[in-house]
Amino acid sequence: KNRQLVHGPGLNHELTMLRTVDHPHIVRLHDHFEDAQFFYYVTDMAEGGELMQAVRRLQLHPLGVSVTWVSQVLSQALAGLSYCHARGIVHMD
């Protein structure tokens, strides 16, 4: 298989950039490897599941989703986004 087509032209640059990211609200990339079919990222352990799953769980709670919780989540997300943008990193997918 053609490595360039599978990986795309900017993969090495992207991996190098991702390894430099060090922020408490961004999952850190530690390593990567591949086999004949797949490309794997080795990252920090992210516990708690997907954000949308947490929102759904809270919607079922008698008190619902609190403004405090939403503001904390948004604050964390925006802090991570700001960190990336300050370093010229843009999330494109």
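Residues numbered from 1 in each chain as written. Predicted model: local features only at pLDDT ≥ 70, side-chain atom pairs only at ≥ 80, totals over all residues. Heavy atoms only, no water.

*Asks:* I'm lost on the overall build of the chain in this one. Help?
*Replies:* Of regular secondary structure, the chain possesses four helices and two strands. Within the chain, the fraction of its 93 residues that count as buried is 14%. For the chain, the proportion of contacts with a sequence separation of at least 24, taken over those separated by at least 6, is 36%. On the chain, roughly 7700 Å² of surface is accessible, and the fraction owed to carbon and sulfur atoms is 58%. (Helix = DSSP H or I, 4+ residues; strand = E, 2+ residues; numbered from the N terminus. Buried < 20%, exposed > 50% of the residue type's maximum accessible area, 1.4 Å probe, protein only. Contact = heavy atoms within 4.5 Å. Areas by Shrake-Rupley, 256 points an atom, 1.4 Å probe, with all protein chains shown as cover.)

*Asks:* Could you clarify how one ought to interpret the pairing of strand β1 (residues 29-34) in this entry?
*Replies:* Moving residue by residue along a regular strand, the side chains alternate between the two faces of the sheet. The pairing of β1 with strand β2 (residues 39-43) spans five bridges and is classified as antiparallel. Each residue of the ladder has a partner; that of L29, found in β2, is T43. Hairpin connection, β1 to β2: the antiparallel pair is bridged by four residues. (Pairing = 2+ DSSP bridges.)

*Asks:* Honestly, the packing of aromatic side chains in this entry has me stumped. Any pointers?
*Replies:* One pair of aromatic rings is described through two measures. These are the centre distance and the angle between the planes. A full pass over the atoms with the stated rule returns three aromatic pairs. One aromatic cluster is present, formed by F33, F38 and Y40 through successive ring pairs. The side chain of R87 reaches across the aromatic face of Y83, ending 3.7 Å from its centre. (Phe/Tyr/Trp six-rings, centres within 6.5 Å; stacked < 30°, edge-to-face > 60°. Lys NZ or Arg CZ within 6 Å of the ring centre and 35° of its normal.)

*Asks:* Can you walk me through the pattern of salt bridges in this structure?
*Replies:* Side chains that carry opposite charge are capable of pairing whenever their charged atoms lie near each other. Under the criterion given, the structure shown has one salt bridge. Residue D22 pairs with R28 through a salt bridge whose shortest N-O separation is 3.7 Å. R28 sits in the partly exposed class, given a relative accessible area of 26%. (Salt bridge = Lys/Arg side-chain N within 4 Å of Asp/Glu carboxyl O.)

*Asks:* Looking at this model, I keep getting lost on the side chain of H23. Mind explaining?
*Replies:* Position of H23 relative to the elements: it lies in the loop between α2 (11-20) and β1. Only 3.0 Å separates the side chain of H23 from the backbone nitrogen of H25, close enough to count as a polar contact. Not counting residues within four places of it along the chain, the set of residues in contact with H23 comprises A79, G80 and Y83. (Polar contact = N/O pair within 3.5 Å; in protein donor to acceptor, adjacent residues only side chain to side chain.)

*Asks:* Is there a simple way to explain the environment of D22 in this structure?
*Replies:* Tracing the backbone through its elements, the reader meets D22 in the loop between α2 and β1. We classify D22 as exposed; its relative accessible area is 54%. For the pair D22 and C84, spaced 62 residues apart in the sequence, the C-alpha separation amounts to 9.6 Å. Not counting chain neighbours up to four residues away, the residues in contact with D22 comprise R28 and Y83.

*Asks:* Any chance you could explain the nonpolar core here in plain terms?
*Replies:* Nonpolar side chains in soluble globular proteins tend to end up buried together. Among the nonpolar cores identified, the biggest contains five residues, and these are V21, I26, Y83, C84 and I89. Those residues in contact with C84, other than ones at most four positions away along the chain, are I26 and I89. (Core = buried A, V, L, I, M, F, W, Y, C linked by side-chain atoms within 4.5 Å.)

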